[in-house]
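Secondary and tertiary structure notes
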Amino acid sequence: MEKPTIFGQDDDGVVTLALPERDFDRLFERGMALVEEASLYLDGEGREMARDLPRELAGQYGSQAMALTTRLMRMASWLLIHRSWIENEIDDAQAASEKATLRLDKLPAPRNSPSFSALPLGLRELIDRSISIQQTLMAFSNAGSTSHANTRENAVAAQQSILRSAFWNDGR
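These lines cover the structure that appears in this document, whether it is placed above or below. Every chain begins its residue count from 1, and numbering advances along the sequence as written. With pLDDT at 70 or above as the cut-off, local features in this predicted model cover only qualifying residues; side-chain atom pairs require 80 or more to be listed or tallied, and sums for whole chains, interfaces and linings still use all residues. The side-chain values count all of the structure's non-hydrogen atoms but skip hydrogen atoms and water molecules.

Even without a glycine there, the phi angle at Asn88 is positive, about 60 degrees. Comment: elements are numbered from the N terminus, with helices defined as DSSP H or I runs of at least four residues and strands as E runs of at least two. Mapped onto the fold, Asn88 is located in the loop between helix 3 (55–86) and helix 4 (92–102).

This is the structure in structure tokens:
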């Protein structure tokens, strides 16, 4: 049986097993590939496009590129910390502590900028994809804690809850 990497418990005690290891691996690959792609874009085509932008838009481009880089570095750090936790290289407390310092929820929303639509398409697409991954990571961070303790017990409780809801709709 595949070990869940993130789990949470709602107010009723129902356990949610949110991210099997294979799904985390896909998310990890997506996130790291985006970091690489953004780096190549910003150092190549993006740099060339920025040179041709009007001065005020070039400043906005620089701000958005820096915010994108910050977002991607925080996401990559989160992914690397989580991978270390999965592989038991760090304990629960260390993983939670390190993830808490990343503050994925405190990154600016660039789409709210009035000139966002005037930025080069390549940059906008990278920003949109980074926000999508950021939101996924935040959802998993908010869904549960990083704890290996009681995983089996929680899995059993989850199955019991599913059975109860399937056969008894009177609140038992």
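When two helices pack together, you describe them by how their axes are tilted relative to each other and by the distance separating the axes. For helices, the fitted line uses only the C-alpha atoms of the stretch in contact; every axis is such a line through C-alpha atoms, and the angle between N-to-C directions lies from 0 to 180 degrees. Across the interface, helix 1 (residues 21–43) lies against helix 3 with an axial gap of 10 Å and an inter-helix angle of 150 degrees. Classified by the angle their axes make, helix 1 and helix 3 are roughly antiparallel. Of the two possible hands of crossing, helix 1 and helix 3 adopt the one that is left-handed. Residues are sorted three ways: Asp, Glu, Lys and Arg are charged, Ala, Val, Leu, Ile, Met, Phe, Trp, Tyr, Cys and Pro are nonpolar, and all the rest, Gly among them, are polar. A breakdown of the residues in the contact of helix 1 with helix 3 according to their chemical character gives 19 nonpolar, three polar and three charged. Here is the rule for angles: anything less than 35 degrees is roughly parallel, anything more than 145 is roughly antiparallel, 65 through 115 is roughly perpendicular, and the remaining ranges are oblique. Left-handed describes a crossing whose near helix is turned anticlockwise from the far helix through less than a right angle; right-handed describes the clockwise counterpart.

So, on to the pattern of salt bridges. For salt bridges, the criterion is a side-chain nitrogen of Lys or Arg within 4 Å of an Asp or Glu carboxyl oxygen. Going through the model one piece at a time under the given rule, you end up with six salt bridges. For Asp25, the salt bridge goes to Arg83, with nearest N and O atoms at 2.9 Å. Of this pair, Asp25 sits in helix 1 while Arg83 is found in helix 3, placing the two residues 58 residues apart along the sequence. Ionic pairing is found between Glu87 and Arg83, a salt bridge with its closest N-O pair at 3.8 Å. Connected through shared salt-bridge partners, Asp25, Arg83 and Glu87 make up one network.

Within a pair of aromatic rings, the relevant descriptors are the distance that separates the centres and the angle that separates the planes. Side-chain rings of Phe, Tyr and Trp (the six-membered ring for Trp) are treated as a pair once their centres are within 6.5 Å; stacked means planes under 30 degrees apart, edge-to-face means over 60, and tilted covers the remaining angles. In this structure the tally under the stated criterion is one aromatic pair. Centroid distance Phe24 to Phe28: 6.0 Å. Interplanar angle 50 degrees. Geometry classified as tilted. Of this pair, Phe24 and Phe28 both sit in helix 1, separated by four residues, roughly a single helical turn. Residue exposure (1.4 Å probe, protein chains only): buried if accessible area is under 20% of the type maximum, exposed if over 50%, otherwise partly exposed. We classify Phe24 as buried; its relative accessible area is 0%. Across the ring face of Phe28, the terminal group of Arg83 is positioned such that the distance to the ring centre comes to 3.9 Å. When the NZ atom of lysine or the CZ atom of arginine is within 6 Å of a ring's centre and also within 35 degrees of its normal, the charge is said to sit over that ring. Directly above the aromatic system of Trp78 lies the positively charged group of Lys99, at a separation of 4.1 Å from the ring centroid.

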